[in-house]
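# Survey of secondary and tertiary structure
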Amino acid sequence: MELDPEDVFRDEDDDPESEFYHERDATKELLVYLIDASPKMFSTTCSAEDQKDVSHFQVSIRCILESLKTQIINRSYDEVAICFFNTREKKNLQDLHGVYVFNVPEREDLDRPTARLIKEFESIEEKFSKEIGSKYGILSSSRDNSLYNAIWVAQALLRKGSAKTADKRILLLTNEDDPFGSIKGVIKMDMIRTTLQRAKDAQDLGISIEILPLSKQDDEFNASLFYADLLELEGDELINFKALVGERLEDMKNQLKKRIFKKRKIRRINFIIASGLSIEVNTYALIRPTNPGTIAWLDSVTNLPLKTDRSFICSDTGALVQEPEKRFQSYKNANVMFSTDEFSEIKRVSYGHLRLLGFKPLSCLKDYHNLKPSTFVFPSEEEVMGSTGIFIALHRSMLKLNRFAVAFLGNSTRLVALVAQDEITTSSGQVEPPGMHMIYLPYSDDIRNVEELHTDTSVTAPRASEDQIKKASALVRRIDLKDFSVCQFANPALQRHYAVVQALALDEDELPDTGDETLPDEDGMARPGIAKAIEEFKLSVYGEDYNEENDEAAEHGKTTNASRKRKAASEDVVKEYAKYNWLELADSGKLKELTVAELKYYLTANNLPLTGAKAALISRILTHMNK
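Report on the accompanying structure.

## Observations regarding the sheet that holds strand β9 (residues 207-213)
- The strand order across the open sheet formed by five strands is β5-β4-β1-β8-β9, and the pairing between neighbours is mixed. Whereas interior strands pair on both sides, the edge strands pair on one side only; in this sheet they are β5 (99-102) and β9. The average angle at which neighbouring strand axes cross in this sheet is 25°, direction not considered.
- The pairing of strand β8 (residues 166-174) with β9 spans seven bridges and is classified as parallel. Counterpart to I170 in the pairing with β9 is I209.

## As for the packing of helix α6 (residues 146-157) against helix α7 (residues 185-204)
- Two elements in contact, α6 and α7, have axes separated by 9 Å at closest approach and are oriented at 15°. In terms of orientation, α6 lies roughly parallel with respect to α7. Where α6 crosses over α7, the two elements pack in a sense that is left-handed. On α7, the residues that touch L147, Y148, I151, W152 and Q155 of α6 are T194, T195, R198, A199, D201 and A202.
- Its residues assigned to classes, the contact of α6 with α7 comprises six nonpolar, three polar and two charged.

## Comments concerning a negative patch on the surface
- Judged by side-chain charge, D229, E232, E234, D236 and E237 come together as a negatively charged surface patch.
- Tracing the chain through its elements places E237 in helix α9 (residues 236-250).

## Some words on the pairing of strand β16 (residues 403-409)
- The element β16 is largely enclosed, with a buried count of five among its seven residues.
- The pairing of strand β14 (residues 353-361) with β16 spans seven bridges and is antiparallel. Considered in β16, the bridge of L356 is made with A407.
- Pairing between β16 and strand β17 (residues 414-421): five bridges, direction antiparallel. Within β17, the position partnered with A405 by the bridge is L418.
- Counting the residues in the hairpin turn of β16 and β17 gives four residues, including T413, whose phi is positive at 50°.

## Quick word on unusual backbone geometry
- We note that N86 has phi near 65°; this positive angle belongs to a residue other than glycine.
- Its place among the elements puts N86 in the loop between β4 (79-85) and β5.
- Although it is not a glycine, K332 adopts a positive phi angle of roughly 55°.
- Within the secondary structure, K332 sits in the loop between β12 (326-331) and β13 (334-339).
- K332 sits in the exposed class, given a relative accessible area of 68%.

## Quick word on the pairing of strand β1 (residues 28-36)
- Burial runs high along β1: eight of the nine residues are buried.
- Summarising the sheet, β1 and β8 pair through eight bridges and their orientation is parallel. Within β8, the residue paired with V32 across the bridge is I170.
- Sheet analysis places β1 next to β4, joined by seven bridges and oriented parallel. Directly across from L30, in β4, lies its bridge partner E79.

## With respect to the sheet that holds strand β10 (residues 265-274)
- On the basis of which strands lie adjacent, the closed barrel formed by seven strands has the order β10-β11-β15-β20-β17-β16-β14 and mixed pairing. Each neighbouring strand pair of the sheet contributes to a mean axis angle of 40°, computed without reference to strand direction.
- Here strand β15 (residues 375-379) pairs with strand β20 (residues 435-440) via three bridges, running antiparallel. From the neighbouring strand, T375 faces β20, where its bridge partner is M438.

## Considering the nonpolar core
- Judged by nonpolar contacts, the single largest core of 38 residues is most densely connected at V32, L34, L147, Y227 and L230.
- For this core, the secondary structure elements donating two or more residues are β1, β4, β5, α6, β8, α7, β9 and α8 (227-230).
- Considering each element in turn, this core owes the most residues, six residues, to α6.
- Excluding its chain neighbours within four sequence positions, the residues that come into contact with V32 are A81, C83, L110, A154, L157, L158, R169, I170 and L171.
- One finds L65, V80, L173 and L214 within the second-largest nonpolar core, a separate group that totals 31 residues.

Basis of the calculations
Residues numbered from 1 in each chain as written. Predicted model: local features only at pLDDT ≥ 70, side-chain atom pairs only at ≥ 80, totals over all residues. Heavy atoms only, no water. Pairing = 2+ DSSP bridges. Helix = DSSP H or I, 4+ residues; strand = E, 2+ residues; numbered from the N terminus. Axes fitted to C-alpha atoms, helices over the stretch in contact; angles between N-to-C directions. Parallel < 35°, antiparallel > 145°, perpendicular 65-115°, else oblique. Left-handed = near helix turned anticlockwise from the far one by under 90°. Contact = heavy atoms within 4.5 Å. Nonpolar A, V, L, I, M, F, W, Y, C, P; charged D, E, K, R; others polar. Patch = residues over 30% accessible without salt bridge, like charges linked within 9 Å, V, L, I, M, F, W, Y side chains within 5 Å. Areas by Shrake-Rupley, 256 points an atom, 1.4 Å probe, with all protein chains shown as cover. Salt bridge = Lys/Arg side-chain N within 4 Å of Asp/Glu carboxyl O. Lys, Arg positive; Asp, Glu negative; His and termini not counted. Charge placed at Lys NZ, Arg CZ, Asp CG, Glu CD. Buried < 20%, exposed > 50% of the residue type's maximum accessible area, 1.4 Å probe, protein only. Core = buried A, V, L, I, M, F, W, Y, C linked by side-chain atoms within 4.5 Å.

Here it is as structure tokens:
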């Protein structure tokens, strides 16, 4: 196999999309939703988006549904389980009272989300009281403790997989801040103690427990009564948790998405600061473009995924090649052979280390140096103890001296800039975490000089007048978006694509509404101040005698001329196509003797695609002829 010169030193990390799939197995997440089904969840109501009052139970179901629909697209290899507690019926492997694990046939209790799971979970509100039922599961008279049982069942569901290869989480949704409030005396103390111990046992196994509290404005969720001890919240953590309680119900869907799509590391890197001194850091992808999912080939009978197997056939003998794949590079009339291992060694200049080279003032870093989306860097103590302390010292010095670090990233053979970011907090908690942004710097030939408008130096390039610049600046200030973020706008084509996929998978009669947020805000642009700024700008550029109708007519004339040219070219192709006896050429095998341009006469005349190599064009022609 001949080497592609451009592919010799192209590393997998040169593609930003590869970062999503790097260490996929190590970042797999196992999540159990624990939903409180006590009567209080059904009796407490709040206002929904459609201005109708809905119960906290309905809010929880709807938010989990939205999260599952998002998760099945973005993180389809993660696994989830849905578990109700404080229920009348029981359904779990431990046969514990007050806990019901919801599932559908042909799916394990903890497994990847499926269309059938989402579809049946959508109708759970209608049949919940009939099939599952609700009741208080923590009673002193019976010594039942459904919260204890629920954590036990969730822990058992999360036994699969190792804590080193998967993140395991329990997400608890409840509006009861004191689950043992109705019990008194020694029995209450005993129940609290055993429940906290059960939660600690789960956390010791690498399972994190989080709570999404539901509360009303006049009845705020008080975490200090019980859940602060269960979640081990102290000091600032407890204060921040209390500050977020009111916001969580108002924007619960977004909060749940944040909890589900927790930042997971791309990879762990050894950061060499000096000779003999190195620390360990984790890297995280913050913002990346979202693309449609990869195509999955399915068996037409069983609908199961197919595994692709590639074999190499000897072109001389037709025998199956059993030896390892080899490549060659022509050099001085000879083919230099490379094995797969040798080829990998050639590509590797260094092995995944980040090596500090020096520091430069922040003013040296320009906007156009940001070659592709940056990566966030944060210290790790998993293997190298003391990494955090050294990283903090380096981070503080860079902020104090307004410097950025220049480093060499070995696995992608590229220089990077490490820019320190200070922590930003508000009354609601942390907005931006402290750490460093790894900016991928361009090579010298990646930077192009700005081309002049006119190459002819004798002709003066048109320049905007002072008045035009002033009017343009005023217009830009008027239409400037405040607090702009790229996260505010979704890709409309991608939203439409997944809306169609969702409608097909869930047998929905109507497509979900997908608004195009990239379209201009017509109402906003029509405001008097903006309309006046637009008119003043147009007047300064085009003058008072400008006529839009004449301009449109001229554009229409250009289009007509272009269409005439295309029509003439098409007629020429038809004439050339008629000169050949295509059936005879196909039967005699002489199509391969034609040039690519001649083959395209047939393809153009029959409205067939023109892309591909010569062999692909011939194959397309033969297929069209049913040969």
